[in-house]
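# Chain and residue survey
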Amino acid sequence: SQQGEEDPQALSIQEGENATMNCSYKTSINNLQWYRQNSGRGLVHLILIRSNEREKHSGRLRVTLDTSKKSSSLLITASRAADTASYFCATRSLIYNQGGKLIFGQGTELSVKP
Amino acid sequence: AAGVIQSPRHLIKEKRETATLKCYPIPRHDTVYWYQQGPGQDPQFLISFYEKMQSDKGSIPDRFSAQQFSDYHSELNMSSLELGDSALYFCASSPPGGAEKQYFGPGTRLTVT
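These figures come from a predicted structure and were not determined experimentally.

Definitions and cut-offs
Residues numbered from 1 in each chain as written. Chains lettered and ligands numbered in written order. Predicted model: local features only at pLDDT ≥ 70, side-chain atom pairs only at ≥ 80, totals over all residues. Heavy atoms only, no water. Pairing = 2+ DSSP bridges. Helix = DSSP H or I, 4+ residues; strand = E, 2+ residues; numbered from the N terminus. Buried < 20%, exposed > 50% of the residue type's maximum accessible area, 1.4 Å probe, protein only.

## Quick notes on the sheet that holds strand β1 (residues 6–7) of chain A
Where strands meet in a sheet, backbone hydrogen bonds hold them as pairs that are either parallel or antiparallel. Residues and elements named next belong to chain A. On the basis of which strands lie adjacent, the open sheet formed by five strands has the order β1-β3-β8-β7-β6 and antiparallel pairing. Because the sheet does not close on itself, it has two edges, and the strands there are β1 and β6 (55–58). Where strand β7 (residues 61–66) and strand β8 (residues 71–76) come together, six bridges link them in antiparallel fashion. Its bridge partner being in β8, D66 is matched across the sheet by S71.

Written out as structure tokens, the structure reads:
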């Protein structure tokens, strides 16, 4: 991966439990975004956190960002079977001449068992 | 609301053939990005266009070329296809003003046999 590591690479939990996924990155960033992908389908944007933010919430999602450690975590609370998917973090570079391209992490495959 | 449209959704080609993938951004979006996602891999940036000019280039093979047209749609042309080109190809667009969020299309699944 161009970006770094996501861990865990796979996570299996029961419905109702919380799921936490972590992402590390290498460069200075403008923002970090989390995307969801159902088995080989399109990427769905979940949440964006800017480099000057430390925590953000959206529904059952909570994202944290630690720029000193170059890491982020995504917490999904009260998981549902429908949350089963792959989750990717993606960063947008702070360096202007790198444009707006996103650099993705390797992804965490989440399986939520009913 | 209109979304990013990609065509075709599925494409099967043989080695050494050529393929053209099309992307129609959300209306009034001026920037288009192309990403390639191999099986079990994360998406990798290929190339982007802003106002019909190439704005950034990633790990795109020389066998691939792309352009953005006057109506802002974009095409990714792939020649001398190899088995390793089999992947999901995503197009994303973003509106004017350096928007932070990219809107992804459903992808084109290319299979090279």
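## Observations regarding the environment of R109(B)
Residues and elements named next belong to chain B. Within the secondary structure layout, R109 lies in strand β11 (residues 108–112). A relative accessible area of 34% places R109 in the partly exposed class. Distance from R109 to P8, taken between C-alpha atoms, is 8.3 Å for residues 101 residues apart in sequence.

## Focus on the pairing of strand β5 (residues 43–50) of chain A
Residue and element names in this part refer to chain A. Pairing between strand β4 (residues 29–37) and β5: seven bridges, direction antiparallel. Within β5, the residue paired with W34 across the bridge is I47. Hairpin connection, β4 to β5: the antiparallel pair is bridged by five residues, and G40 has positive phi, about 70°.

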